[in-house]
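Structural characterization, general
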Amino acid sequence: MRVKVKDALCAQSAEEKINVKGWVRTKRQAKGFSFLEINDGSCLKNLQVVVDQGIPGYDLLEKTSTGAAVSVTGDLVSSPGKGQTWEMKAVSLTLLGEADPEKYPLQKKRHSDEFLRTIAHLRPRTNKYGAMNRIRSELSFGVHKYFHDLGFKYIHTPIITGSDCEGAGEMFTVTSLDLEKNSSPDTQNVFENDFFGQKAHLTVSGQLSAENIACAIGDVYTFGPTFRAENSNTPRHAAEFWMIEPEMAFADLNDNMDLAEDITRKMIEHALEHCSDDMELFMKFVDKNLKAKLDSILNQTFQRLPYLEGIEILQKSGRKFEYPVEFGLDLQTEHERYLCEDYFKKPVILFDYPRTIKPFYMRLNDDGKTVAAMDVLVPGIGELVGGSQREERLDILRSRISETGLDEDDYWWYLDLRRFGTVPHAGFGLGFERLLMLVTGVTNIRDVIMFPRTPRTLDF
Ligand code: 4AD
Ligand code: MG
């Protein structure tokens, strides 16, 4: 019977004749026997296998090099070696797939992140990227568990849309037209002949549809892929990323901030509790201060601060920033990081941003100048969460749509929510990759998603 390495390593007692399948991490030859370290990805640790000379398959060891896939049957016995309780004494070995040592690129114990990005298809076989994938999986489950426990409903919103949620025009076009044939630039409304009879895009956010469902069944959330054709080649932006988007009916900006703060903390706790071995790797090899940083987020309440006061702090900081700071300008990562890393030394929730720099759907405040927006800024990353209370008043929403240069006709169904039983509601988007960066201390988004999509790279 096949047993996963994880289960073999935490077995309660010695066992006879179990089967383990996995990839060879190392092979050491001694007199009369060999050691294989086998990893099957079920956990960080390897199972040590002792292969005595003469057992069936022993002669295959010659071709069994690092990276090769093997199936070993043997007895689980207590290990005399340090650092492990159990090892396997093989009774037979099968070589499932060779990995030519001249060509298999993962021979060394450690490789640079840059090199590993060039072999993104193989990097999950390293300790670090195996751990990243397991944490990613566990945290995804944690997100669903978190919302499920709070009574939120998991909803699915369209990936292909006809409207631009953020109004920033950073969308990928979806078409079934053969652009090489139909590329004449003077064809008016070429999309009339397209699949949907109009221009279609990959979604930048599920929010607008989520609002519709929230204003029917209450608290909901989406957790899915979103796409942005913004040409920012930074360590924090990907063209395809996963976003967690809760939306709450009968909720305001404060409820929104409470939820954003709570989920951030709960996700850190979830990773520490359920991925302890994998998290330890990141604490040891990626960021020696990771544990302290995470503890400080867990142990302090987030600083809540109006945008205007944030601007004042930045202006008085005496710091030379690359980008200017004044009311009405969007904050850059350097500003966000100054506020949470240097000034408050903890996560900051900035709220009430100028209306001019935020999307049309955010609720206009009584001052007429700001909207009920909030961003959660965290050390090391900057913006982790962006959200708002939504504009529930029809007339104001319509004028905001036209003010931001959008076409009201594209949003008729969104406006209907304000025509029929409109209610205060609020929600936010939490970038899942940025959450993973926060939790693991990894500083480049390309290393928390296994096949990153960024400008001019689509290799895998
Ligand atoms: O602030 P954003 O643009 O907000 C929205 O899209 C809202 N419609 C969400 C909502 O209210 N339901 O994006 C939300 C979060 C950001 O704070 C960031 O964490 C992440 O999504 N994000 C990105 N992550 C990786 N790469 C990108 N290009 C990202 N753009 C946004
Ligand atoms: Mg934002």
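All figures in this text were calculated on a predicted structure; none of them were measured in a lab.

If you tally the helices and strands in the chain, you get twelve helices and 16 strands. If you line up the chain on its principal axes, its C-alpha atoms span 85 × 60 × 45 Å. Every one of the 460 residues in the chain was classed for burial, and the buried ones make up 50%. Look at the contacts in the chain between residues 6 or more apart in sequence, and 68% of them connect residues 24 or more apart. Summed over all atoms, the accessible surface of the chain reaches about 22500 Å², with 50% contributed by carbon and sulfur.

With that settled, consider the sheet that holds strand E7 (residues 160-161). The strand order across the open sheet formed by three strands is E7-E9-E8, and the pairing between neighbours is antiparallel. A strand with exactly one partner marks an edge of an open sheet, and here the two such strands are E7 and strand E8 (173-174). Looking at chain direction, E8 and strand E9 (residues 200-202) are connected through two bridges and run antiparallel. For Thr173, the partnering residue across the bridge sits in E9 and is His201.

Pairing in this closed barrel of five strands is mixed, and the strands run E1-E2-E3-E5-E4 around the ring. Neighbour-to-neighbour, the strand axes of the sheet open up by a mean angle of 50°, direction not taken into account.

Structurally, the α-helix is built with 3.6 residues per turn, so residues lying three or four positions apart point the same way. Within helix H12 (residues 432-440), nine of the nine residues are buried, which leaves it mostly tucked inside the rest of the structure. Taken together, the buried positions of H12 are Phe432, Glu433, Arg434, Leu435, Leu436, Met437, Leu438, Val439 and Thr440. Of the residues one or two after H12, Gly441 is the one with positive phi, at around 80°.

Here the chain is partitioned into domain 1 (5-97) and domain 2 (123-168 + 204-447). Between the C-alpha centres of domain 1 and domain 2 the distance comes to 45 Å. With eight residues of domain 1 at the contact, the number on the domain 2 side is eight residues. Surface buried jointly by domain 1 and domain 2 totals about 630 Å² across both partners, of which 41% is contributed by carbon and sulfur atoms. Looking only at domain 1, the three residues that lose the most surface to domain 2 are Trp23, Arg25 and Leu44, adding up to 71% of its buried area. Linking domain 1 with domain 2 are one salt bridge, by the criterion used here. The partner of Asp277 in a salt bridge is Lys45, and the shortest N-O contact between them spans 3.2 Å. Remark: the boundary between domain 1 and domain 2 carries four residue pairs in polar contact (both at pLDDT 80 or more). Residues of the side of domain 1 that touches domain 2, tallied by class, amount to three nonpolar, three polar and two charged.

Take unusual backbone geometry next. The residue Phe250 is not glycine, and still its phi comes out positive at about 55°. Tracing the sequence through the fold places Phe250 in the loop between strand E11 (240-249) and helix H5 (253-274). Take Phe250: its relative accessible area is 67%, and that puts it in the exposed class.

It is worth spelling out the packing of aromatic side chains at this point. Overall, the coordinates contain 18 aromatic pairs when judged by the stated rule. Relative to Trp242, the ring of Phe223 lies with its centre 6.0 Å away and its plane at 85°, an arrangement referred to as edge-to-face. On the criterion of sequence distance, the pair formed by Phe223 in strand E10 (residues 220-227) and Trp242 in strand E11 is long-range, its members being 19 residues apart. Residue classification places Phe223 among the buried residues on the basis of a relative accessible area of 8%. Classification of Trp242 as partly exposed rests on a relative accessible area of 31%. With a centroid separation of 6.4 Å and 40° between ring planes, the pair formed by Tyr338 and Tyr343 is classed as tilted. Its relative accessible area of 43% is what places Tyr343 among the partly exposed residues. In this structure, Arg418 is placed above the aromatic ring of Tyr414, and the distance from its NZ or CZ to the ring centre is 4.1 Å.

Thresholds applied
- Residues numbered from 1 in each chain as written.
- Chains lettered and ligands numbered in written order.
- Predicted model: local features only at pLDDT ≥ 70, side-chain atom pairs only at ≥ 80, totals over all residues.
- Heavy atoms only, no water.
- Helix = DSSP H or I, 4+ residues; strand = E, 2+ residues; numbered from the N terminus.
- Buried < 20%, exposed > 50% of the residue type's maximum accessible area, 1.4 Å probe, protein only.
- Contact = heavy atoms within 4.5 Å.
- Areas by Shrake-Rupley, 256 points an atom, 1.4 Å probe, with all protein chains shown as cover.
- Pairing = 2+ DSSP bridges.
- Axes fitted to C-alpha atoms, helices over the stretch in contact; angles between N-to-C directions.
- Domains from an automatic or database assignment.
- Buried area = accessible area lost by both parts, 1.4 Å probe.
- Salt bridge = Lys/Arg side-chain N within 4 Å of Asp/Glu carboxyl O.
- Polar contact = N/O pair within 3.5 Å; in protein donor to acceptor, adjacent residues only side chain to side chain.
- Nonpolar A, V, L, I, M, F, W, Y, C, P; charged D, E, K, R; others polar.
- Phe/Tyr/Trp six-rings, centres within 6.5 Å; stacked < 30°, edge-to-face > 60°.
- Lys NZ or Arg CZ within 6 Å of the ring centre and 35° of its normal.

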